[in-house]
Amino acid sequence: MTAEELLKENRVVPVVVIREIEDAIPTLGALMDGGIPVAEITFRTACAAEAIRLGCEKYPDMMIGAGTVINAEQAEAAIAAGAKFIVSPGLSRAVFEVTKKYGVPYLPGCVTPTEIMAALDLGLTTLKFFPAGIYGGLKALKALSAPFPQVKFLPTGGVDLTNIKEYLAFDKVAAICGSFMMKGDIRANCAALWEVLNA
């Protein structure tokens, strides 16, 4: 599956931090119940790879990937655990090579024209835009889309229920990523999200 195919089916990608392994299945189950069958499990915790493995076993139809992947070793571990896509805060050639080897979509963070051009040199056209709120948000995305019309973006950071619909209305936004639906009652947050998107 390509990055484009992945995001065509999933316009919202929750950024999930699993601090204790026993939280993995309940957290992913809450997302599934809320109608969001996708999760980017961050590699910020020691149990990230195990959480991905458990999630892939319990919910084989869920699109579970790894986020905050910053080196080749993490990419190898994530893919070995079953990660279906890899997300990085920046662009890593080493991570790209691992994802290319296994045929797994890679979504690197790029916020400047130079970074976007480096990604295009690798054949990558779907890019994370992080942190979106700090780097100019939707206004910046619209400006960057002029010289790079082939690029689709995943704004992350500063995206929430107050602006998600505006972001998704822009045709160069493939999907949005964020942790805002993970705070508090996940099922209720998902319901609120769908209410906003369907309004």
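Each remark here, short or long, concerns the structure printed above.
Draft legend 1. Structural context of the state of the cysteines. The full count for this structure, using the stated rule, is 0 disulfides. Left unpaired, Cys47 is separated from the closest cysteine sulfur, that of Cys56, by 14 Å. With no disulfide of its own, Cys110 lies closest to Cys177 among cysteine sulfurs, the gap being 13 Å. The buried category is assigned to Cys110, whose relative accessible area is 0%.

Draft legend 2. Just the packing of aromatic side chains, in detail. Going through the model one piece at a time under the given rule, you end up with 1 aromatic pair. On the numbers, 6.1 Å between centres and 80° between planes, the contact of Phe129 with Phe153 is edge-to-face. Of this pair, Phe129 sits in strand β6 (residues 126–129) while Phe153 sits in strand β7 (residues 152–155), and the two are 24 residues apart along the sequence. Phe129 gets classed as buried once you look at its relative accessible area, which sits at 0%. One Lys or Arg, Lys128, reaches over the ring of Phe130 and ends 4.8 Å from the middle of that ring.

Draft legend 3. Region of interest: the nonpolar core. Membership of the largest hydrophobic core comes to 76 residues, with the highest contact counts inside it found for Ile52, Ile86 and Ile176. Beyond its immediate chain neighbours, meaning those up to four positions away, Ile86 contacts Ala66, Val69, Ala75, Ala78, Ile79, Val95, Thr99, Val104, Pro105, Tyr106 and Leu107.

Draft legend 4. Quick look at the pattern of salt bridges. Inspection of the entire model under this criterion finds 5 salt bridges. Put simply, Asp33 and Arg187 hold a salt bridge, and the shortest N to O gap is 2.9 Å. Here Asp33 is found in helix α2 (residues 24–33), whereas its partner Arg187 is found in helix α9 (residues 186–198), with 154 residues between them in sequence. Residue classification places Asp33 among the exposed positions, given a relative accessible area of 57%. We classify Arg187 as partly exposed; its relative accessible area is 42%.

Draft legend 5. Here's a closer look at the side chain of Asn189. If you trace the backbone, Asn189 turns up in helix α9. Within the structure, the side chain of Asn189 is placed 3.0 Å from the backbone oxygen of Met181, a separation counted as a polar contact. At 2.6 Å, the side chain of Asn189 and the backbone oxygen of Lys183 are in polar contact. Among residues more than four places away in sequence, those in contact with Asn189 are Phe180, Met181, Met182, Lys183 and Gly184.

Draft legend 6. Highlighting the layout of surface pockets. The volume enclosed by the largest pocket comes to roughly 210 Å³. Contributing to the lining of the largest pocket are 17 residues, with Val104, Pro105, Tyr106, Gly123 and Leu124 lying nearest its centre. Contributing elements (two or more residues each) for the lining of the largest pocket: α1 (3–9), α5 (93–102) and β5 (106–107). Sort the elements by how many residues they give to the lining of the largest pocket and α5 lands first, with 3 residues. A class-by-class count of the residues in the lining of the largest pocket yields 9 nonpolar, 6 polar and 2 charged.

Draft legend 7. Here's a closer look at the environment of Asp23. Structurally, Asp23 is set in the loop between β1 (12–16) and α2. Each C-alpha atom, one on Asp23 and one on Ala51, is 8.6 Å from the other, the two residues being 28 residues apart in sequence.

Draft legend 8. Layout of the packing of α2 against α9. In contact at an axis separation of 8 Å, α2 and α9 are set at 30° when each is read in the N-to-C sense. Overall, the two elements α2 and α9 adopt an arrangement that is roughly parallel. Here the hand of the crossing between α2 and α9 comes out right-handed. On α9, the residues that touch Thr27, Gly29, Ala30, Leu31 and Asp33 of α2 are Ile186, Arg187 and Cys190. Each residue belonging to the contact of α2 with α9 can be placed in one class, and the counts come to 4 nonpolar, 2 polar and 2 charged.

Criteria and cut-off values
- Residues numbered from 1 in each chain as written.
- Predicted model: local features only at pLDDT ≥ 70, side-chain atom pairs only at ≥ 80, totals over all residues.
- Heavy atoms only, no water.
- Disulfide = S-S within 2.5 Å.
- Buried < 20%, exposed > 50% of the residue type's maximum accessible area, 1.4 Å probe, protein only.
- Phe/Tyr/Trp six-rings, centres within 6.5 Å; stacked < 30°, edge-to-face > 60°.
- Helix = DSSP H or I, 4+ residues; strand = E, 2+ residues; numbered from the N terminus.
- Lys NZ or Arg CZ within 6 Å of the ring centre and 35° of its normal.
- Core = buried A, V, L, I, M, F, W, Y, C linked by side-chain atoms within 4.5 Å.
- Contact = heavy atoms within 4.5 Å.
- Salt bridge = Lys/Arg side-chain N within 4 Å of Asp/Glu carboxyl O.
- Polar contact = N/O pair within 3.5 Å; in protein donor to acceptor, adjacent residues only side chain to side chain.
- 1 Å grid on protein atoms, 1.4 Å probe; cavity = no way out; pocket = protein on both sides within 12 Å on 5 of 7 lines; lining within 4 Å.
- Points joined across faces, edges and corners; volume = space filled by probe spheres on them.
- Nonpolar A, V, L, I, M, F, W, Y, C, P; charged D, E, K, R; others polar.
- Axes fitted to C-alpha atoms, helices over the stretch in contact; angles between N-to-C directions.
- Parallel < 35°, antiparallel > 145°, perpendicular 65-115°, else oblique.
- Left-handed = near helix turned anticlockwise from the far one by under 90°.

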